[in-house]
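The residues making up each chain are set out below.
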Amino acid sequence: MPGVKVCVSGLLPVQLISVFRGDCLVSLAKAGTVFYIFFKQIFLFKLNCVCVLKKYKDIEGTVKIEEVNGDELVKRFAEEMEEMLGRKMKAVKRLAEAAEDADLDHEYNETLEFDYYNSMLINTVDEDGNPVPLGGEFTLEENEHFNKLPVNIQQSNIQVPTNVYNRDPDILNGVYMSEALNDVFADNFQEDPTLTWQYFGSSTGFFRLYPGIQWTPDENGVVTFDCRNRNWYIQAATSPKDVVIVVDVSGSMKGLRLTIAKHTINTILDTLGENDFVNIIAYSDYVRYVEPCFQGTLVQADLDNREATALGQGSLCNQAIMLITDGAMEDFQDVFQEFNWPERRVRVFTYLIGREMTFAENVKWIACNNKGYYTHVSTLADVQENVMEYLHVLSRPMVINHDHDIIWTEAYMDSVAQSLLLMTSVAMPVFSKKRETLSHGILLGVVGTDVALRELMRVATRYKLGVHGYAYLITNNGYILSHPDLRPLYKEGKKLKPKPNYNSVDLSEVEWEDSEEKLRTAMVKGETGNLSLDVKTSVDKGRRVMFLKNDYYYTVINETPFSLGIVLSQGYGQYIFIGNVSVEEGLHDLLAPDLTIANEWTYCETDIDPAHRKLSQLQAVEQYLTGKEPDLECDMQLLQQTLFDAVVTAPMEAYWNALMLNVSSMDEGIETAFLGTRSGLIRFLRYAGIEKRIGKSFLTSTDKENMFTLDHFPVWYRRAAEYPAGKFLYYMPRQDTRGRRTYLYLVYAHPQNKTNKQILRNTIYDGVFSFFFLQSQPNMCGSLEGGQGINVGRYCQRSNTVCLFVCSCFLRVSLFDYQAMCKMNSHSVSSARPLLSVCTVKSLPIQKYSQNQFSKKGDILQPCDTEYPSFVYEPSVKETNSIIKCGRCQKMFVVQQIPESNLLMLVVQADCDCSKQYPPITLEPEEVRYILMKSQKVRRRPESCHSYHAQVISRMLFLHLFMLLIDLISCEIL
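Fair warning: this is a prediction, and the values are worked out from it, not measured in the lab.

Quick look at the pairing of strand E24 (residues 495–498)
Here's step 1: In the sheet, strand E23 (residues 489–492) pairs with E24 via four bridges, with the strands oriented antiparallel. Counterpart to tyrosine 490 in the pairing with E24 is lysine 497.
Here's step 2: As consecutive antiparallel partners, E23 and E24 are separated by two residues, and within that stretch glycine 493 has a phi angle of approximately 70°, a positive value.

Let's talk about the environment of alanine 721
Here's step 1: One can find alanine 721 in helix H17 (residues 715–721).
Here's step 2: It is 9.0 Å that separates the C-alpha atoms of alanine 721 and histidine 468, two residues lying 253 residues apart in sequence.

Considering the sheet that holds strand E25 (residues 529–539)
Sheet strands line up and pair through hydrogen bonds in the backbone, either parallel or antiparallel.
Here's step 1: The strand order across the open sheet built from five strands is E22-E21-E27-E26-E25, with neighbouring strands paired in antiparallel fashion. Two strands close off the open sheet at either side, each with one partner strand: strand E22 (480–482) and E25. Geometrically, the sheet is characterised by an average inter-axis angle of 35° between neighbouring strands, direction not taken into account.
Here's step 2: Of the pairings in the sheet, the one linking strand E21 (residues 470–474) to strand E27 (residues 563–569) comprises five bridges and is antiparallel in character. In the strand pairing of E27, tyrosine 470 is matched with valine 567.
Here's step 3: Those strands touched by helix H2 (residues 70–105) are E21, E25, strand E26 (544–556) and E27, and its axis lies near 145° from that of E27.

Observations regarding the environment of threonine 606
Here's step 1: Along the chain, threonine 606 turns up in the loop between strand E30 (604–605) and helix H14 (617–625).
Here's step 2: The buried category is assigned to threonine 606, whose relative accessible area is 12%.
Here's step 3: Along the primary structure threonine 606 and cysteine 634 are separated by 28 residues, whereas in three dimensions their C-alpha atoms are 9.2 Å apart.
Here's step 4: Leave out the neighbours within four places in its chain, and threonine 606 touches His612, Arg613, Leu615, Gln617 and Ala620.

Here we look at unusual backbone geometry
Here's step 1: At the junction of tyrosine 210 and proline 211, the peptide bond is cis and its omega measures out at -5° in the coordinates.
Here's step 2: Residue placement: proline 211 occurs in the loop between strand E8 (207–210) and helix H5 (231–237).
Here's step 3: With an omega of 0°, the peptide bond between tryptophan 341 and proline 342 qualifies as cis.
Here's step 4: If you trace the backbone, proline 342 turns up in the loop between helix H7 (333–339) and strand E15 (347–353).
Here's step 5: Of note, phenylalanine 332 is a non-glycine position whose phi angle comes to about 55°, a positive value.
Here's step 6: With respect to the helices, strands and loops of the structure, phenylalanine 332 is situated in the loop between strand E14 (318–325) and H7.
Here's step 7: Of note in the backbone geometry, glutamate 517 takes a positive phi value of approximately 55° without being a glycine.
Here's step 8: Here glutamate 517 lies in the loop between E24 and helix H12 (518–524).

Side note on the pattern of salt bridges
Here's step 1: Counting across every chain of the model gives 22 salt bridges.
Here's step 2: One salt bridge connects lysine 518 with glutamate 516, and the closest N-O pair in it is separated by 3.3 Å. Note on accessibility: lysine 518 and glutamate 516 belong to one class, exposed.
Here's step 3: Of the charged contacts, one joins arginine 683 and aspartate 594 as a salt bridge, the two residues approaching to 2.7 Å between their closest N and O atoms. Here arginine 683, found in strand E33 (residues 682–686), pairs with aspartate 594, found in the loop between helix H13 (583–590) and strand E29 (595–596); they are 89 residues apart in sequence, far enough to count as distant. One exposure class covers both arginine 683 and aspartate 594, and it is buried.

Details of the side chain of asparagine 152
Here's step 1: The residue asparagine 152 is located in the loop between strand E5 (149–151) and strand E6 (157–159) in this model.
Here's step 2: Engagement of the side chain of asparagine 152 in a polar contact is seen with the backbone nitrogen of glutamine 154, the distance being 2.8 Å.
Here's step 3: If we ignore the near neighbours within four places in the chain, the residues touching asparagine 152 are Phe138, Thr139, Leu140, Tyr210, Pro211 and Gly212.

A word on the nonpolar core
Here's step 1: Core analysis: the largest hydrophobic core is formed by 154 residues, its most contacted members being Tyr116, Tyr472, Tyr552 and Leu564.
Here's step 2: At 14 residues, H2 tops the list of elements feeding residues into this core.
Here's step 3: The contact partners of tyrosine 116, leaving out residues within four places of it in the chain, are Leu134, Ile158, Val160, Asn166, Ile171, Leu172 and Val175.
Here's step 4: Judged by nonpolar contacts, the second largest core, of 33 residues, contains Ala301, Ala320, Phe349 and Tyr351.

Things to note about H14
Here's step 1: Considered for burial, the residues of H14 that qualify are Gln617, Ala620, Val621 and Leu625. One side of H14 carries all its buried residues, which in axial view fall inside an arc of 125°.
Here's step 2: Note on H14: the residue one or two positions beyond its end, glycine 627, has a positive phi of about 85°.

Describing the pairing of E25
Here's step 1: The alternating pattern of E25 places Gly529, Leu531, Leu533, Val535, Thr537 and Val539 on a buried face, while none of Asn530, Ser532, Asp534, Lys536 and Ser538, on the opposite face, is buried.
Here's step 2: Pairing geometry for E25 and E26, over eleven bridges, is antiparallel. Each bridged residue has a counterpart across the sheet, and for leucine 533 the counterpart in E26 is asparagine 550.
Here's step 3: Between E25 and E26, which pair antiparallel one after the other, the connecting turn spans four residues, and aspartate 540 there sits at a positive phi close to 55°.

Each value, and the rule that gives it
Residues numbered from 1 in each chain as written. Predicted model: local features only at pLDDT ≥ 70, side-chain atom pairs only at ≥ 80, totals over all residues. Heavy atoms only, no water. Pairing = 2+ DSSP bridges. Helix = DSSP H or I, 4+ residues; strand = E, 2+ residues; numbered from the N terminus. Axes fitted to C-alpha atoms, helices over the stretch in contact; angles between N-to-C directions. Contact = heavy atoms within 4.5 Å. Buried < 20%, exposed > 50% of the residue type's maximum accessible area, 1.4 Å probe, protein only. Salt bridge = Lys/Arg side-chain N within 4 Å of Asp/Glu carboxyl O. Polar contact = N/O pair within 3.5 Å; in protein donor to acceptor, adjacent residues only side chain to side chain. Core = buried A, V, L, I, M, F, W, Y, C linked by side-chain atoms within 4.5 Å. Arc of directions from axis to C-beta.

What follows is the structure, given as structure tokens:
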């Protein structure tokens, strides 16, 4: 029968691959050649496993299987994290004490002349070759610990924003006073070599950073970084606050005035964090909330919620009204006298916009008689400094009481090192202790240090969590600090950028199977406990799905607002395999040329001693085990497991080499043989004689998906672990869309009589093959790939009839992505916040997955939520055949499962065109528009509050006051 198509399709990956086109093939019986080739590879593969199992039997008596106690494990991890973070807090306390003592000893000098190292000007010369003022020679050396940046670990230097005069007397006196911190910076780093950046941010605007660096301006030669705008500064300088912004949008507020008003609003919003609450009201000839659905309430002021957000009760701490106007015709004394005096519980800050001063006295009176602050903002350049004044006012109660609260920030990108690493900061305010200014409440600035979240998560050692297990951290507001499914970056062209809402991703948006939010609520409240959930988890960048039953364990990290959770999957995650071999035998096999270990894991701590920082993990293990570096701190349990795995898998090297020498035993197209173990060990051999290797990046440091990383096991390991023991898993990697490479995996189960359970050994023996007869031919059978199964849309556009079969044999599973980036119309997107939609409610489409949804050159991307499908084969279908009528002809197909694999043999008659009768099945986005009103989620308020009064103001009184004020303003206008 000419025109018959023969295809092999994976049951799990559902990859449809063309095998050959036969001229007289009428039934699957004719496909014996194909089956023979498969079985030959399986036979060779089983020989690999026999070698390993034989060696394993020789030392099986030393093996122990231990059950993992999740409750104890999460508590132990939390204690280690608490100890690590405690060292950072001690360092910050020493800095605060040193800064306050230095200020106490310093006498202010209005005419002080002092040259300091300005990080913008160091190592810079003028036209004559002389150092520029505030420059000079400043030694910089590349340092592994600081992201390989050139730094000076002997001293700090100073950064000053472009809009601040770098020789202002306040700057010079502050810099001179804070020189005393240099010794404390160095001593802290000596005592705790894991410390990263340490700093002092002054209330006058300069930023002292250790170690010193060369600061790089933007393309316009401008340094916009102002330490006083950073969350660590703002949170340390003030307590949580409720802010209502009242903005005049009457006829006189137009042109430049309206532009300045918008910039003032945005600058105020930038001073608010996730522990603050805000709302915006606009008034002209009538009064309205910027967003009507937020009427009478406050909005949590995280980055995401400042544009669209949940309702909130407020911080129940500091309260302030910000009045932005070009003039007030009266002072509303009777209103304040009735509702805010004599306690003046609500502070009122006023911003007079524009150059006109006609009604300035009333605007000033309102602020000064309500414990606020009056500023005149005549130009855009005035906005930054004037807005910052309100923070100094709110900090006074804390300063006067000398309450040194330590704060921890949410996750953010490291702007100092200009890297894309997620960090958290610990910070503490610095006060003036001088007797003459003590009652004034003078805030000198804030000291702090950064903690790389990646380094913190190393405490939760990966091998103890198992193949599907992981650890994660959240804040008191339920936002993710660290999670393997957090994707904070997106690609714009060739450049990676942070997503706009990367640090306000809620735990419920990642662990979305927790539909009742029991897990989230317990963790936010700081509870300790556990629960189980049935989850659908995706691998291979969301294309394939696995069904797991996960056990969640969680607890609070003391002295921080953070909670830690770990996940252990039932099955692999419940047990840990512990072997025991001699160091001599293990080290010999560990140093074999075909072996590597997970370099992102911590077998030995290489970051404490600077001499160890250039060592790879394998080099560090060797140095420690040979006694060359006995002072290295190493994980002995992990080393023991790694040595055992090296010994058990050692026969593979000799077997693979023998295959290379015996060319007749190798089939054309085999590129790499490899295996992996739970200890992060990988053995692999790339076969010689291949002129055009396809998988050049496979098992290299850039191939994160297929390597052991800090976040996950390799994708081939994870998929094979959930596949039935003893069967082979064929898998086509996503990047090889031409279908020229196939993966072959095998998992074994190791029974233990004492538990009467089948304990999974977690050692996977794998091979990568590129069979010459498996190269895809799009004109014949096409290629199906995606999800657990198949991107039906792409294939069905080419082969309608087959889709009718495929779609009936595969179960569709819906998956959700609440961190997606979708392209929007360029005319509807603005880089600046529009005044009247700062807190607009999202009207989001839930889009079904489509290739057209994502970025192309020139597209503008915005955060969105998406639903996308994955397909899982129905295993009950072993064999089937049918005929589909297509007008004047009929199309026949036959399907049969290939034994011991996840493959299907599919034969389709090719000479009957059904495209006119059955149009293509596509997955174009189907928008479901809705108004997103997230219910108020549980949050844990910060423990301390330093408002003007110890008594917490009633939220209703606060709202009533500003509503009454707006009504009176409206009446005055009318």
